[in-house]
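As a plain string of letters, each chain reads:
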Amino acid sequence: MQEKKIQLSFISAHISELSENEQQLVENAKSALKTAYAPYSGFLVGSSVLLENGEIINGSNQENVAYPSGLCAERVALFYAGARYPDIKVKTIAVSVLSKNFEVNDVISPCGACRQVMAEYEDKQDQSIKVILHSPTDEVLIANTVEDLLPFMFKSPLLKKH
Ligand code: THU
């Protein structure tokens, strides 16, 4: 038996330390959260996906009275990007959050299902996706690859017979 350790890497910063393009992407995510349909949680999430062709796709969480039928902002944006531009790689995804009910002082932490979907696109395109998580206090947490958000991710080779 052997204990093994893994190392994850992320950058903690203020929004002003980002490049102009990345600040703009975060601003897009902030605007996108205004389109959230979140009557049940009051938790508004905006997501902005930058593609390699320069296109930006925005998404926001869309809730449903049958709770599991709703979808997170990250998946709304990524699935639309995949459907609209199936062959274009995703460079960066920015996610921002605001609550109607309480003060949010921390960055949004994407749910496991959204991390798995990000991981799928990263695997599909064989190129890292940068993830920028933004708080209403303008702090950001940056992961340069989804691998750092989802260690031991389930990948397509695991489905194949050896
Ligand atoms: N939500 C997102 O849109 N993204 C996340 O990363 C976490 C949670 C949404 C789902 C639901 O509409 C609300 O936030 C509360 O969970």
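Novice: Whenever I open this one, the overall build of the chain confuses me. Can you help?
Specialist: Helix and strand content of the chain: three helices and six strands. What you see for the chain is a C-alpha radius of gyration of 16 Å, in line with the 15 Å of a compact globule of 162 residues. Judged by the C-alpha coordinates and their principal axes, the chain covers about 50 × 40 × 35 Å. A separation of at least 24 residues holds for 65% of the contacts in the chain among residues at least 6 apart in sequence. By element, 52% of the accessible surface of the chain is carried by carbon and sulfur atoms, the whole surface being about 9600 Å². Of the side chains in the chain, 15 bear a positive and 20 a negative charge, and the two mean positions are spaced by 7 Å.

Novice: Could you clarify how one ought to interpret the site of the ligand in this entry?
Specialist: Taken together, the residues surrounding the ligand are Ser41, Phe43, Val45, Asn61, Glu63, Cys72, Ala73, Glu74, Ile108, Pro110 and Cys111. A distance of 2.9 Å separates an oxygen atom of the ligand from a polar side-chain atom of Asn61. Considered on its own, the ligand offers 370 Å² of accessible surface; in the complex 77% of this is hidden by protein. For the shell around the ligand, the elements supplying multiple residues, two or more each, are β2 (43-51) and α2 (73-84).

Novice: What am I meant to see in unusual backbone geometry here?
Specialist: Note on backbone geometry: most residues besides glycine have negative phi, and most peptide bonds are trans. Phi is positive for Asp126, close to 55°, though the residue is something other than glycine. Here Asp126 is to be found in the loop between α3 (112-125) and β5 (130-134). Judged by relative accessible area, Asp126 falls into the exposed class, the value being 70%.

Novice: Help me understand a nonpolar patch on the surface, please; the structure alone is not making it clear to me.
Specialist: A cluster of nonpolar residues, Tyr37, Tyr40, Val65 and Tyr67, forms a patch on the protein surface that exposes about 480 Å² of accessible area. If you trace the backbone, Tyr67 turns up in the loop between β3 (56-60) and α2. A residue is classified by how much of its surface remains accessible, and Tyr67, at 59% relative accessible area, is exposed.

Novice: Explanation requested: the sheet that holds β2 in the structure shown.
Specialist: Backbone-to-backbone hydrogen bonds join strands into a sheet, with any given pair of strands oriented parallel or antiparallel. Strand order in the open sheet made by the six strands is β1-β6-β5-β4-β2-β3, with mixed pairing throughout. Each edge of the open sheet carries a strand with a single partner, namely β1 (11-14) and β3. On average, each strand axis in the sheet is inclined to that of its neighbour by 20°, with strand direction left out of account. Taken strand by strand, helix α1 (residues 20-32) contacts β2, β3, β4 (90-99) and β5, and its axis lies near 140° from that of β2.

The rules behind these values
- Residues numbered from 1 in each chain as written.
- Predicted model: local features only at pLDDT ≥ 70, side-chain atom pairs only at ≥ 80, totals over all residues.
- Heavy atoms only, no water.
- Helix = DSSP H or I, 4+ residues; strand = E, 2+ residues; numbered from the N terminus.
- Rg over C-alpha atoms; globule rule 2.2 N^0.38 Å.
- Contact = heavy atoms within 4.5 Å.
- Areas by Shrake-Rupley, 256 points an atom, 1.4 Å probe, with all protein chains shown as cover.
- Lys, Arg positive; Asp, Glu negative; His and termini not counted.
- Charge placed at Lys NZ, Arg CZ, Asp CG, Glu CD.
- Near = heavy atom within 4 Å.
- Polar contact = N/O pair within 3.5 Å; in protein donor to acceptor, adjacent residues only side chain to side chain.
- Buried < 20%, exposed > 50% of the residue type's maximum accessible area, 1.4 Å probe, protein only.
- Patch = residues over 30% accessible without salt bridge, like charges linked within 9 Å, V, L, I, M, F, W, Y side chains within 5 Å.
- Salt bridge = Lys/Arg side-chain N within 4 Å of Asp/Glu carboxyl O.
- Pairing = 2+ DSSP bridges.
- Axes fitted to C-alpha atoms, helices over the stretch in contact; angles between N-to-C directions.

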